[in-house]
Amino acid sequence: MAAAFPSACGKTNLAMLSPALPGWRVHCVGDDIAWMKFDDEGRLRAINPECGFFGVAPGTSAKTNPNAMAAVSRNTIFTNVGHTSDGGVYWEGLDQAPPPGVTLTSWLGKPWSPGDPEPCAHPNSRFCAPARQCPIMDPAWEDPRGVPIDAIIFGGRRPRGVPLVFEAFSWRHGVFVGSAMRSEATAAAEHKGGRILHDPFAMRPFFGYNAGQYLAHWLAMGERGGGARLPRFFHVNWFLRDPARPQKFLWPGFGHNARVLAWIFGRLEGEDNAQATPIGWVPREGALDLRGLPGVAHRDLFEVGKEFWEKEARELRAYYEENFGEDLPREVMAELEALEGRLKKM
Ligand code: GDP
Ligand code: MN
């Protein structure tokens, strides 16, 4: 599968995931950029044009991303992280207290100790490491033919309203879901303060041409004849917050995201594991494996609220008008209208 998330929304962690579900293994091809084209058999294939990883340091630990920790153990450049007096690096969420007697210096070059009000590492501090140092690189990660792609997963940081995972109803609806992507601003974006920003296909900072034509290109790919085997579109949100305790995430994330991938692969294999909602297919109660996750309730992860989504649709319409105008493909507008219609009937 390939995923498109805005900056600092979990691409690197997803690419290097250590599954918390027994029986699954993840192979990594790349963590950031996929160049994709259809092969002679009509299969979409992806290559990774990069040879390294450029990941967000804070939050990276042996627990959250052991493969990244192995990858950055040598030959790595760190930017804007904290330093230890014995020549090491430090950041928030590293989960390793420095050895006794070792002191810390913040990314600003000032003495720093745990509990200081300012972070030790800049929230967008990063590591830059050779991909071949990641223990789970796929044997074909440098194969110029690329690897087959069966699912394209969109996602972002949405503290409320957007379920943990849903599948688009069709290719055209999937292109609409990609165009409608939004995410809470992070340290990697230019805006601050929990604002929810539009970021179609996670491409907002990278569009090299008219974004309406970009959507039209995706729509046209869905019209390929000749036995093309099209991937299916999904949307994930690892970042739902507990309304009662907004500093807490509802979903444990990281290795547990394998549970969501398992549901997605179940869909691709034709399992009858979903129920329709106005926004797409969500796991049927019991179909997403929540075993061993006390306090995580299906209901909290998959609520699709009429009011929330009506507001979302209104804001999307205004965004389209302001940013795409007459260049918005009419198929995408038709999908917005179809969503509005389904919400009305809720
Ligand atoms: P990228 O810029 O899209 O590659 O994002 P990263 O994978 O580097 O992650 C950005 C930040 O989000 C880091 O601080 C991660 O620890 C955090 N993160 C990634 N995946 C998850 C997840 O599943 N749950 C939570 N709560 N945080 C995550
Ligand atoms: Mn990354």
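Residues numbered from 1 in each chain as written. Chains lettered and ligands numbered in written order. Predicted model: local features only at pLDDT ≥ 70, side-chain atom pairs only at ≥ 80, totals over all residues. Heavy atoms only, no water.

If you look the protein chain up in an unreviewed UniProt entry, it shows as Phosphoenolpyruvate carboxykinase 2, mitochondrial from Anas zonorhyncha. Taken from UniProt, the Pathway (unreviewed entry) comment for the protein chain reads in full: "Carbohydrate biosynthesis; gluconeogenesis." (UniProt positions renumbered as here; feature names shortened; annotations may be inferred.)

**Comments concerning the sheet that holds strand 4 (residues 52-56)**
In spatial order, the strands read 4-10-5; together these three strands make up an open sheet with antiparallel pairing. Single-partner strands in this sheet number two, and they are strand 4 and strand 5 (77-79). Adjacent strand axes in the sheet meet at a mean angle of 15°, parallel and antiparallel pairs treated alike. Across five bridges, strand 4 lies against strand 10 (residues 126-130) in antiparallel orientation. Residue pairing in the sheet places Gly55 in a bridge with Phe127 of strand 10. (Pairing = 2+ DSSP bridges. Helix = DSSP H or I, 4+ residues; strand = E, 2+ residues; numbered from the N terminus. Axes fitted to C-alpha atoms, helices over the stretch in contact; angles between N-to-C directions.)

**Digging into the pairing of strand 19 (residues 274-277)**
The pairing of strand 19 with strand 20 (residues 280-283) spans four bridges and is classified as antiparallel. In the sheet register, Gln275 faces strand 20, and the bridge partner there is Val282. Counted along the chain from strand 19 to the antiparallel partner strand 20, the turn is two residues long.

**Notes on empty space enclosed by the protein**
According to the stated counting rule, one finds one cavity of 30 Å³ or more in the structure shown. Put simply, the parts of the chain that give the lining of the largest cavity at least two residues each are helix 3 (171-179) and helix 7 (306-323). Considering every element that reaches the lining of the largest cavity, the biggest residue donor is helix 7, with four residues. In the lining of the largest cavity, the residues fall into 11 nonpolar, two polar and three charged. (1 Å grid on protein atoms, 1.4 Å probe; cavity = no way out; pocket = protein on both sides within 12 Å on 5 of 7 lines; lining within 4 Å. Points joined across faces, edges and corners; volume = space filled by probe spheres on them. Nonpolar A, V, L, I, M, F, W, Y, C, P; charged D, E, K, R; others polar.)

**Quick notes on the site of ligand 1**
Taken together, the neighbourhood of ligand 1 is formed by 18 residues, with Ala8, Lys11, Thr12, Asn13 and Phe254 sitting nearest. In this structure, an oxygen atom belonging to ligand 1 sits 2.9 Å away from a main-chain N or O atom of Gly10. In this structure, an oxygen atom belonging to ligand 1 sits 3.0 Å away from a side-chain N or O atom of Arg157. Surface burial for ligand 1 is 92%, taken as the share of its 580 Å² of free accessible area covered by protein chains. Residue contributions to the shell around ligand 1 peak at three residues, all from helix 1 (residues 11-15). A per-class count over the shell around ligand 1 returns nine nonpolar, seven polar and two charged. (Near = heavy atom within 4 Å. Polar contact = N/O pair within 3.5 Å; in protein donor to acceptor, adjacent residues only side chain to side chain. Areas by Shrake-Rupley, 256 points an atom, 1.4 Å probe, with all protein chains shown as cover.)

**Here's the deal with the pattern of salt bridges**
This structure, assessed with the given rule, holds 19 salt bridges. The partner of Arg232 in a salt bridge is Glu167, with the nearest N and O atoms 2.6 Å apart. Taken together, the residues Arg232 in strand 16 (residues 232-236) and Glu167 in strand 13 (residues 165-167) connect sequence positions 65 residues apart. For Asp289, the salt bridge identified is with Arg291, shortest N-O distance 2.8 Å. Within this structure, Arg158, Arg182, Lys311, Glu312 and Glu315 form a network of salt bridges that share partners. (Salt bridge = Lys/Arg side-chain N within 4 Å of Asp/Glu carboxyl O.)

**Topic: the layout of surface pockets**
Size it by volume and the second largest pocket reaches roughly 230 Å³. The biggest single contributor to the lining of the second largest pocket is helix 6 (residues 298-301), with three residues. Per-class residue counts for the lining of the second largest pocket are 10 nonpolar, two polar and five charged.

**Observations regarding the sheet that holds strand 6 (residues 82-84)**
Taking strand neighbours across the sheet as the criterion, the four strands line up as 7-6-8-9 in an open arrangement whose pairing is antiparallel. A single partner strand is all that each edge strand has here, and the edge strands are strand 7 (89-90) and strand 9 (111-112). Sheet analysis places strand 6 next to strand 8 (residues 104-105), joined by two bridges and oriented antiparallel. The partner of Thr84 across the bridge, within strand 8, is Leu104.

**Some details on the environment of Gly156**
Along the chain, Gly156 falls in the loop between strand 12 (151-155) and strand 13. Note on Gly156: relative accessible area 5%, which makes it buried. For the pair Gly156 and Phe5, spaced 151 residues apart in the sequence, the C-alpha separation amounts to 5.7 Å. Here Gly156 is in contact with Pro6, Cys9, Arg182, Ser183, His235, Val236, Asn237 and Phe239, once residues within four sequence places are set aside. (Buried < 20%, exposed > 50% of the residue type's maximum accessible area, 1.4 Å probe, protein only. Contact = heavy atoms within 4.5 Å.)

**Quick look at helix 4 (residues 211-221)**
Taken together, the buried positions of helix 4 are Ala211, Gly212, Tyr214, Leu215, Trp218, Leu219 and Met221. For helix 4, the elements touching its buried residues are strand 2 (35-38), strand 12, helix 3, strand 16 and helix 8 (330-344). The backbone nitrogen of Gly212 lies 2.7 Å from a side-chain oxygen of the residue at the head of helix 4, namely Asn210.

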